[in-house]
Amino acid sequence: MAIASIGQLAQAFCGFYVAKAGADLYNNKSEVILVRDGDNTIITMSNDFKGNVKDFAMVVPVPNVLDRSDIQITDRSIFQMLDAYSAPRLVEYFDHNPCAPVVEYDMLEKRAEMMVEESVLANVSLKERKYKVTIEAQYNIEEYNIVLLSAKDAGGLKQWLIDNGYSIPAKAERVLEPYIKSGLKFFVVKVDLNKYNPQTNGGFLRPLQIKVKSDKFMLPIRLGMANSTGEQDMIVYAFSKKGRVECTNYRTVNMPTGMQIPTFVKSRFGQFYRDAFSNEYDKQGKDAIFLEYAWNVTPRFNGMKCDPCVGNPPYTREIMMTGVPWASQNNVTTFFTRLHVRYTLDKFPEDLFFHETPNMQTYQARYVITHPAAGDLGCDEGTAYLKRLKLRRKQELVNVANVAQWDMNSYYDYVRNGTDKQSNKKKNTIVPLAPAHRGGPPKWLFGAVLSLLLVYTLKRVGVVTQF
């Protein structure tokens, strides 16, 4: 009965966006956009590279030698837009006062208002033969110098990269070897300092977009671990014609969602979600991939593309920027999936392999706060509402304790008054099972205790022989 009452309270009004937990919450992170179209995969790569751009080098294993038309430079804003749209979200509701008259209004009309449509490298020489490296192609594209390599020896490839001015991690050799044995090529990038302008794009390097052809839908991550300082976070934004994109060689797990949490979490939502993700990551054994968002974003789809929206959904122009080749075609679905990966070399020894599923069920990592009804609650319905409200607040504290591992024991005033006051001394339980006697202990209790103490003392000195 208590659970049913809480559910009725939560659905009082339509919710709206309050806060989000975007990719900027995580250090040592990268973001990748994947588009799967038949055997083609379009990969757009952004990163949080820190340091002097002259030290920047990116090495990406690819299944084939890329043509110039397979390589594009795109704008960083597409990552910002997708993150803002799909980030885990906090929404708030407001309970209706059961003692006040009900005012009818058109919810669908309100929702409709929220929707808005739409370097010059050395030439091949005897030196290259010594390295057992072959330059398959090379391109100078704006601020990037790009070379496509094949190699027969990991040590030779590493030395070739170092000798040609690439900053390569010391551990690179051992992670290069499996790709060489698999016959993959290497897409190698460094910055042309003569063409790079640090004043543009907010000081960030512009994302590179490549198209590769393979029957394997995969994302290489092992090379990125060569210079890792520990755990790395990666946000994957995936687009498909069929439905959700999921991982095949690691479990894809939904983040906990849809639960009520206390109103005071509103100002601390970023920290709440960081802790919730870390807790779920640990609980799943640190070797799962987490679904944070899934929705049909087809530009001509007239249904809701988020509920609620924390940012504008992508329309035709933005979807085309991600590399989706069918964006402007009629009657072709565009389904969007957001995945969050936290990985280390010991827990993720393999690259990520994906597949397109027919599952088009929508999903969002969504958390709810509900403000209590305002005004006079003196009617019978108001009294019943206040009892349900206390039950709901108890459950909200339990939810945060379970999901984010926060210690809720000290929030002594939240259930009664909805505040975030904390006691200095932690209690043993989140909420007392019964309220304390307001007038202090009953007087008869003192008499009973004194009598027992007196009998015990007399018995010890031998005055009382039987009891």
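The coordinates are above.
Heads up: these notes are all about the structure in this document. (Residues numbered from 1 in each chain as written. Predicted model: local features only at pLDDT ≥ 70, side-chain atom pairs only at ≥ 80, totals over all residues. Heavy atoms only, no water.)

Section: the pairing of strand β12 (residues 232-240)
Across the 9 residues of β12, 9 count as buried, placing the element largely inside the fold. Every second residue of β12 is oriented toward a common face, with Gln-232, Met-234, Val-236, Ala-238 and Ser-240 on one face and Asp-233, Ile-235, Tyr-237 and Phe-239 on the other, all of them buried. Here strand β2 (residues 29-37) pairs with β12 via 7 bridges, running parallel. By the bridge assignment for β12, Glu-31 is matched with Ile-235. Bridge count for β12 against strand β17 (residues 335-343) is 9 bridges, and the pairing is antiparallel. (Buried < 20%, exposed > 50% of the residue type's maximum accessible area, 1.4 Å probe, protein only. Helix = DSSP H or I, 4+ residues; strand = E, 2+ residues; numbered from the N terminus. Pairing = 2+ DSSP bridges.)

What to know about the sheet that holds strand β7 (residues 133-141)
Here 4 strands make up an open sheet; going across it, the order is β4-β9-β8-β7 and the pairing antiparallel. Across the chains shown, the open sheet's two edge strands, defined by having one partner strand only, are β4 (57-62) and β7. Across the sheet, the mean angle separating the axes of adjacent strands is 20 degrees when strand polarity is ignored. Sheet analysis places β7 next to strand β8 (residues 144-151), joined by 8 bridges and oriented antiparallel. Along β8, the bridge assignment pairs Thr-134 with Ser-150. Sheet strands in contact with helix α5 (residues 154-163) are β4, β7, β8 and β9 (185-191), and its direction is about 160 degrees off that of β8. (Axes fitted to C-alpha atoms, helices over the stretch in contact; angles between N-to-C directions. Contact = heavy atoms within 4.5 Å.)

Thoughts on the packing of helix α7 (residues 269-283) against helix α9 (residues 380-404)
Following both chains from N to C, one finds α7 and α9 inclined at 55 degrees, their axes separated by 7 Å at the closest point. The angle between α7 and α9 places the two elements in the oblique class. For the pair formed by α7 and α9, the contact residues are Phe-272, Asp-275, Ala-276 and Asn-279 on the first element and Val-400, Asn-402, Val-403 and Ala-404 on the second. Of the residues that constitute the contact of α7 with α9, the class distribution is 5 nonpolar, 2 polar and 1 charged. (Parallel < 35°, antiparallel > 145°, perpendicular 65-115°, else oblique. Nonpolar A, V, L, I, M, F, W, Y, C, P; charged D, E, K, R; others polar.)

Some words on the environment of Ala-154
Take Ala-154: it is sitting in helix α5. On the basis of relative accessibility, which here comes to 1%, the residue Ala-154 falls in the buried class.

Describing the packing of aromatic side chains
Two measures describe an aromatic ring pair: the distance that separates the ring centres and the angle between the ring planes. All told, the structure shown has 19 aromatic pairs when counted by the stated rule. Judged by centre distance (5.1 Å) and plane angle (70 degrees), the rings of Phe-277 and Phe-290 are edge-to-face. Here Phe-290 lies in strand β16 (residues 288-296) and Phe-277 lies in helix α7, a separation of 13 residues in the sequence. Classification of Phe-290 by relative accessible area gives buried; the value is 0%. The rings of Phe-79, Tyr-85, Tyr-237, Phe-239, Tyr-293, Trp-295 and Phe-336 are connected pair by pair, giving a single aromatic cluster. Here the basic side chain of Arg-222 rests over the ring of Tyr-179, its NZ or CZ set 4.6 Å away from the ring centre. (Phe/Tyr/Trp six-rings, centres within 6.5 Å; stacked < 30°, edge-to-face > 60°. Lys NZ or Arg CZ within 6 Å of the ring centre and 35° of its normal.)

A few points about the nonpolar core
Residues Ile-146, Phe-187, Leu-208, Leu-219, Phe-272, Leu-352 and Tyr-367 are the most contacted members of the largest nonpolar core, which totals 75 residues. Of all the elements, α7 adds the most residues to this core, at 6 residues. Once residues within four sequence positions are removed from consideration, Leu-208 is found in contact with Ile-43, Thr-44, Met-45, Met-58, Ile-71, Gln-72, Ile-73, Tyr-144, Ile-146, Phe-187 and Val-189. (Core = buried A, V, L, I, M, F, W, Y, C linked by side-chain atoms within 4.5 Å.)

With respect to the state of the cysteines
Tallied over the full model, the rule gives 1 disulfide. The disulfide that involves Cys-99 links it to Cys-379, with 1.9 Å between the sulfurs. Classification of the bridge connecting Cys-99 and Cys-379 rests on its S-S torsion, roughly -90 degrees, and on that basis the disulfide is left-handed. For Cys-379, a relative accessible area of 22% corresponds to the partly exposed category. (Disulfide = S-S within 2.5 Å.)

Thoughts on the pattern of salt bridges
Evaluated as defined, the whole model comprises 15 salt bridges. Asp-95 serves as the salt-bridge partner of Arg-392, at 2.8 Å between the closest nitrogen and oxygen. Judged by relative accessible area, which is 1%, Arg-392 ranks as buried. The partner of Lys-242 in a salt bridge is Glu-356, and the shortest N-O contact between them spans 4.0 Å. Highlighted residues: Lys-242 in the loop between β12 and β13 (245-247) and Glu-356 in strand β18 (residues 352-356), separated in sequence by 114 residues. Through salt bridges with shared partners, one network takes in Asp-83, Glu-292 and Arg-338. (Salt bridge = Lys/Arg side-chain N within 4 Å of Asp/Glu carboxyl O.)

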